[in-house]
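Now for the letters of each chain:
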Amino acid sequence: MRSRAVCPGSFDPVTLGHVDIISRAAQQFDEVTVLVTHNPNKAGLFSVQERMDLIRDATCHIAGVRVDSWAGLLVDYTTEHGISALVKGLRSGIDYEYELPMAQMNRRLTGVDTFFLLTDPKYGYISSTLCKEVAKYGGDVTGLLPDAVVRALKTKF
(Lines give C-alpha, C1' and ligand atoms only; values in the text may rest on other atoms or scores of the structure.)
Protein backbone atom coordinates (compact mmCIF):
# COMPACT_ATOMS: atom_id res chain seq x y z
CA MET A 1 0.00 0.00 0.00
CA ARG A 2 1.29 3.46 -0.92
CA SER A 3 1.90 5.91 1.89
CA ARG A 4 0.15 9.22 1.33
CA ALA A 5 0.33 12.53 3.16
CA VAL A 6 -1.09 16.02 2.89
CA CYS A 7 0.87 19.26 3.37
CA PRO A 8 -1.90 21.79 4.02
CA GLY A 9 -1.60 25.56 4.04
CA SER A 10 -2.77 28.78 2.48
CA PHE A 11 0.48 29.15 0.48
CA ASP A 12 -0.24 32.81 -0.32
CA PRO A 13 2.38 32.56 -1.79
CA VAL A 14 4.52 29.43 -1.57
CA THR A 15 8.01 30.13 -0.18
CA LEU A 16 11.31 28.27 -0.43
CA GLY A 17 10.69 27.14 3.15
CA HIS A 18 7.45 25.49 2.00
CA VAL A 19 9.25 23.86 -0.94
CA ASP A 20 11.89 22.49 1.44
CA ILE A 21 9.22 20.93 3.69
CA ILE A 22 7.36 19.49 0.68
CA SER A 23 10.59 18.03 -0.71
CA ARG A 24 11.52 16.44 2.58
CA ALA A 25 7.99 15.05 3.05
CA ALA A 26 8.20 13.54 -0.46
CA GLN A 27 11.28 11.61 0.69
CA GLN A 28 9.21 9.99 3.46
CA PHE A 29 5.90 9.33 1.69
CA ASP A 30 5.09 7.84 -1.72
CA GLU A 31 2.65 10.63 -2.51
CA VAL A 32 2.36 14.12 -1.02
CA THR A 33 -0.60 16.34 -1.78
CA VAL A 34 0.09 20.01 -1.30
CA LEU A 35 -3.35 21.20 -0.28
CA VAL A 36 -4.22 24.85 -0.70
CA THR A 37 -6.72 25.45 2.07
CA HIS A 38 -8.85 28.52 1.74
CA ASN A 39 -11.61 30.40 3.42
CA PRO A 40 -14.06 31.73 0.82
CA ASN A 41 -14.72 34.70 3.13
CA LYS A 42 -11.07 35.84 3.02
CA ALA A 43 -9.36 37.24 -0.03
CA GLY A 44 -5.69 36.42 -0.48
CA LEU A 45 -3.25 38.25 -2.68
CA PHE A 46 -3.25 35.33 -5.11
CA SER A 47 -6.33 33.40 -6.17
CA VAL A 48 -6.52 29.73 -5.22
CA GLN A 49 -5.80 28.79 -8.84
CA GLU A 50 -2.77 31.11 -8.98
CA ARG A 51 -1.43 29.58 -5.76
CA MET A 52 -1.90 26.08 -7.13
CA ASP A 53 -0.13 26.99 -10.37
CA LEU A 54 2.78 28.58 -8.48
CA ILE A 55 3.11 25.48 -6.27
CA ARG A 56 3.07 23.20 -9.31
CA ASP A 57 5.83 25.28 -10.88
CA ALA A 58 7.89 25.28 -7.67
CA THR A 59 7.55 21.53 -7.06
CA CYS A 60 7.62 20.11 -10.60
CA HIS A 61 11.08 18.64 -9.90
CA ILE A 62 9.84 16.66 -6.86
CA ALA A 63 8.52 13.17 -7.61
CA GLY A 64 5.23 12.12 -6.05
CA VAL A 65 3.86 15.63 -5.43
CA ARG A 66 0.40 16.68 -6.48
CA VAL A 67 -1.54 19.87 -5.80
CA ASP A 68 -5.19 20.26 -4.80
CA SER A 69 -7.42 22.72 -2.94
CA TRP A 70 -10.05 22.46 -0.23
CA ALA A 71 -12.38 24.88 1.53
CA GLY A 72 -13.78 22.60 4.24
CA LEU A 73 -12.44 20.83 7.30
CA LEU A 74 -9.04 19.32 6.66
CA VAL A 75 -10.07 16.02 8.24
CA ASP A 76 -12.96 15.76 5.77
CA TYR A 77 -10.42 15.97 2.93
CA THR A 78 -8.18 13.31 4.47
CA THR A 79 -11.15 11.01 5.09
CA GLU A 80 -12.55 11.51 1.59
CA HIS A 81 -9.17 10.79 0.01
CA GLY A 82 -8.03 7.97 2.32
CA ILE A 83 -5.05 9.91 3.67
CA SER A 84 -3.85 9.20 7.21
CA ALA A 85 -0.96 11.66 7.58
CA LEU A 86 -0.56 15.44 7.68
CA VAL A 87 2.82 17.12 7.37
CA LYS A 88 3.44 20.54 8.87
CA GLY A 89 6.60 22.59 8.98
CA LEU A 90 7.61 24.26 12.23
CA ARG A 91 9.75 27.41 12.23
CA SER A 92 9.65 27.98 15.98
CA GLY A 93 8.00 27.08 19.24
CA ILE A 94 5.27 29.58 18.38
CA ASP A 95 4.35 27.47 15.35
CA TYR A 96 4.27 24.38 17.57
CA GLU A 97 1.98 26.07 20.10
CA TYR A 98 -0.38 26.99 17.24
CA GLU A 99 -0.26 23.61 15.48
CA LEU A 100 -0.44 21.25 18.47
CA PRO A 101 -4.14 21.72 19.37
CA MET A 102 -5.14 21.34 15.72
CA ALA A 103 -3.08 18.16 15.41
CA GLN A 104 -4.70 16.76 18.54
CA MET A 105 -8.20 17.67 17.34
CA ASN A 106 -7.58 16.15 13.91
CA ARG A 107 -6.35 12.96 15.57
CA ARG A 108 -9.41 12.83 17.81
CA LEU A 109 -11.83 13.41 14.93
CA THR A 110 -10.46 10.93 12.41
CA GLY A 111 -7.27 9.32 13.67
CA VAL A 112 -5.10 11.23 11.20
CA ASP A 113 -1.56 11.74 12.48
CA THR A 114 0.39 14.97 12.09
CA PHE A 115 4.10 14.80 11.36
CA PHE A 116 6.07 17.93 12.23
CA LEU A 117 9.20 18.74 10.26
CA LEU A 118 11.55 21.34 11.63
CA THR A 119 12.28 24.05 9.12
CA ASP A 120 15.81 24.28 7.79
CA PRO A 121 17.34 27.20 9.76
CA LYS A 122 18.11 29.09 6.54
CA TYR A 123 14.34 29.38 5.97
CA GLY A 124 13.24 29.84 9.58
CA TYR A 125 12.47 33.55 9.32
CA ILE A 126 10.62 33.37 6.01
CA SER A 127 6.85 33.74 5.95
CA SER A 128 4.46 34.41 3.09
CA THR A 129 3.12 37.47 4.92
CA LEU A 130 6.56 38.97 5.47
CA CYS A 131 7.60 38.33 1.87
CA LYS A 132 4.44 40.01 0.56
CA GLU A 133 5.09 43.02 2.77
CA VAL A 134 8.70 43.35 1.62
CA ALA A 135 7.72 42.96 -2.05
CA LYS A 136 4.87 45.46 -1.71
CA TYR A 137 7.34 48.16 -0.74
CA GLY A 138 9.85 47.28 -3.43
CA GLY A 139 12.17 45.07 -1.40
CA ASP A 140 14.04 42.19 -2.97
CA VAL A 141 12.61 38.77 -2.08
CA THR A 142 14.92 36.84 -4.41
CA GLY A 143 16.24 33.76 -2.62
CA LEU A 144 13.22 33.64 -0.29
CA LEU A 145 10.64 32.58 -2.85
CA PRO A 146 10.70 30.44 -5.99
CA ASP A 147 11.60 32.51 -9.06
CA ALA A 148 8.08 32.25 -10.52
CA VAL A 149 6.65 33.63 -7.28
CA VAL A 150 9.10 36.55 -7.30
CA ARG A 151 7.93 37.39 -10.83
CA ALA A 152 4.27 36.99 -9.87
CA LEU A 153 4.69 39.34 -6.89
CA LYS A 154 6.33 41.94 -9.11
CA THR A 155 3.35 41.72 -11.44
CA LYS A 156 0.87 42.07 -8.54
CA PHE A 157 2.63 45.10 -7.08
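Given the structure is predicted, the values throughout are model-derived calculations rather than measurements.

Procedures and definitions
Residues numbered from 1 in each chain as written. Predicted model: local features only at pLDDT ≥ 70, side-chain atom pairs only at ≥ 80, totals over all residues. Heavy atoms only, no water. UniProt positions renumbered as here; feature names shortened; annotations may be inferred. Helix = DSSP H or I, 4+ residues; strand = E, 2+ residues; numbered from the N terminus. Buried < 20%, exposed > 50% of the residue type's maximum accessible area, 1.4 Å probe, protein only. Polar contact = N/O pair within 3.5 Å; in protein donor to acceptor, adjacent residues only side chain to side chain. Contact = heavy atoms within 4.5 Å. Phe/Tyr/Trp six-rings, centres within 6.5 Å; stacked < 30°, edge-to-face > 60°.

Quick look at the UniProt feature "domain: Cytidyltransferase-like" (unreviewed entry) in the chain
UniProt tags residues 6-133 as "domain: Cytidyltransferase-like" (unreviewed entry). Taken end to end, residues 6-133 has its terminal C-alpha atoms 28 Å apart, with 44% of it in helix and 23% in strand.

With respect to the UniProt feature "site: Transition state stabilizer" (unreviewed entry) in the chain
The UniProt record marks His18 with the feature "site: Transition state stabilizer" (unreviewed entry), using the residue numbering of this structure. With respect to the helices, strands and loops of the structure, His18 is situated in helix 1 (residues 16-28). His18 gets classed as partly exposed once you look at its relative accessible area, which sits at 25%. Engagement of the side chain of His18 in a polar contact is seen with the backbone nitrogen of Thr15, the distance being 2.9 Å.

Observations regarding the environment of Pro146
Residue placement: Pro146 occurs in the loop between helix 5 (128-136) and helix 6 (147-156). Judged by its relative accessible area of 9%, Pro146 falls in the buried class. Considering only alpha carbons, one finds Pro146 and Thr15, 131 residues apart in sequence, at a separation of 6.4 Å. With sequence-adjacent residues up to four places away left out, Pro146 is seen in contact with Val14, Thr15, Leu16, Val19 and Ala58.

Things to note about the packing of aromatic side chains
Using the criterion set out here, one finds 3 aromatic pairs in the structure. With a centroid separation of 5.7 Å and 75° between ring planes, the pair formed by Phe29 and Phe115 is classed as edge-to-face. A residue pair is termed long-range when its members are at least 10 positions apart, and Phe29 in the loop between helix 1 and strand 2 (31-37) and Phe115 in strand 5 (residues 113-118) qualify at 86 residues. Seen in terms of ring centroids, Tyr96 and Phe116 are 5.9 Å apart; in terms of plane orientation they differ by 70°. Their pairing is edge-to-face. Residue Tyr96 is found in helix 4 (residues 93-110), and its partner Phe116 is found in strand 5; the two are separated by 20 residues along the sequence.

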